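Each chain is listed here by its residues.
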Amino acid sequence: IVRDDGTFGGGALSYVETVGNGWFLRGRLAAAVGSVDYRSDEDDRIDNVTQSIGQLEVHAGRDFRLGGGATVTTFAGLGSRALIDDSGGEETDTGLIGYDREVSYAYVPVGIAARIPAGRAAFTLSAQYNWVVGGEVDSNFSDVDPALPDVDLELDGGHGFEASAMAELPVGRRAVRVCAMKRYRPSPAS
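Enquirer: Sorry, what's going on with the overall build of the protein chain here?
Expert: Per the secondary structure count, the protein chain includes zero helices and nine strands. Along the chain direction, N to C, the helices and strands of the protein chain fall in the order β-β-β-β-β-β-β-β-β. Dimensions of the protein chain along its principal axes, counting C-alpha atoms only, are 65 × 35 × 25 Å. Looking at the 190 residues of the protein chain, the share that counts as buried comes to 28%.

If you want it as structure tokens, here you go:
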């Protein structure tokens, strides 16, 4: 079994259209680049593998206003995500060779967020379940040995989860937002 941990930096653009009585439509586009360290149960490891992620989501949802200016938001929608892993040519401590791969899939996001004001600042906690409805994994095994075939596999389903915490800090008449996110990649359906 393989585990990978890493740190990513990126950005996101979003647009929200309110449609009345707390209801909204939202689009979100995000991209991130980072590096991960792979570890396996057999003590194989590869450090600092470059990965990039692109994501597009469209949500419909509703804001519920609570006392003290706090807001709880529920939403559901459609999304797609692509991951590019540049392990090709990398070698583990025990001599195994990595390979490049691309993972892309479509999913249905369902989530909840709570925004809590604190003076002029605000904090937002959110969680999202992603039901994977399909996708594919393209593995370039020819990176390991040119005689090996590249393999394309279909993802028939699965699930993933993400959680985030964001601080919105005032800077003059504007605000700076800082976010930390933990994402669990989708697990294919068996």
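Enquirer: Just to check I follow, could you spell out the packing of aromatic side chains for this structure?
Expert: A ring pair, where both rings are aromatic, is described by two values, the distance of the centres and the angle of the planes. Under the definition given, this model contains two aromatic pairs. Here the aromatic rings of Tyr-105 and Tyr-107 are separated by 5.8 Å at their centres, their planes lie at 55°, and the arrangement is tilted. The pair formed by Tyr-105 and Tyr-107 is uniform in burial state, with each residue classed as buried. Above the plane of the ring of Phe-75 lies Arg-26, whose end atom (NZ or CZ) is 4.8 Å from the centre.

Enquirer: Got a minute to help me understand the nonpolar core in this structure?
Expert: One broad rule of soluble globular proteins: the nonpolar side chains tend to lie buried together. Core analysis: the biggest nonpolar cluster contains eight residues, these being Ile-53, Leu-83, Val-103, Tyr-105, Tyr-107, Val-132, Val-137 and Leu-155. Listing elements by their share of this core, those giving two or more residues are strand E5 (100-118) and strand E6 (121-139). If one sorts the elements of this core by residue count, E5 sits on top with three residues.

Enquirer: Just checking my understanding: could you explain the pairing of E6 for this structure?
Expert: The side chains of a regular strand alternate between the sheet's two faces. Relative to E6, E5 runs antiparallel, the two being bridged by 18 bridges. Bridge assignment links Arg-101 to a residue of E6, and that residue is Ser-139. Linkage of E5 to E6, two consecutive antiparallel strands, is achieved through a turn of two residues, within which Gly-119 is found at a positive phi near 70°. Taken together, the 11 bridges between E6 and strand E8 (residues 158-171) define a ladder with antiparallel strand orientation. Across the sheet, Gln-128 pairs through a bridge with Glu-162, a residue of E8. Bridging between E6 and strand E7 (residues 151-155) involves five bridges; their strand directions are antiparallel. Opposite Ser-139, over in E7, you have Val-151 as the bridge partner.

Conventions adopted
Residues numbered from 1 in each chain as written. Predicted model: local features only at pLDDT ≥ 70, side-chain atom pairs only at ≥ 80, totals over all residues. Heavy atoms only, no water. Helix = DSSP H or I, 4+ residues; strand = E, 2+ residues; numbered from the N terminus. Buried < 20%, exposed > 50% of the residue type's maximum accessible area, 1.4 Å probe, protein only. Phe/Tyr/Trp six-rings, centres within 6.5 Å; stacked < 30°, edge-to-face > 60°. Lys NZ or Arg CZ within 6 Å of the ring centre and 35° of its normal. Core = buried A, V, L, I, M, F, W, Y, C linked by side-chain atoms within 4.5 Å. Pairing = 2+ DSSP bridges.

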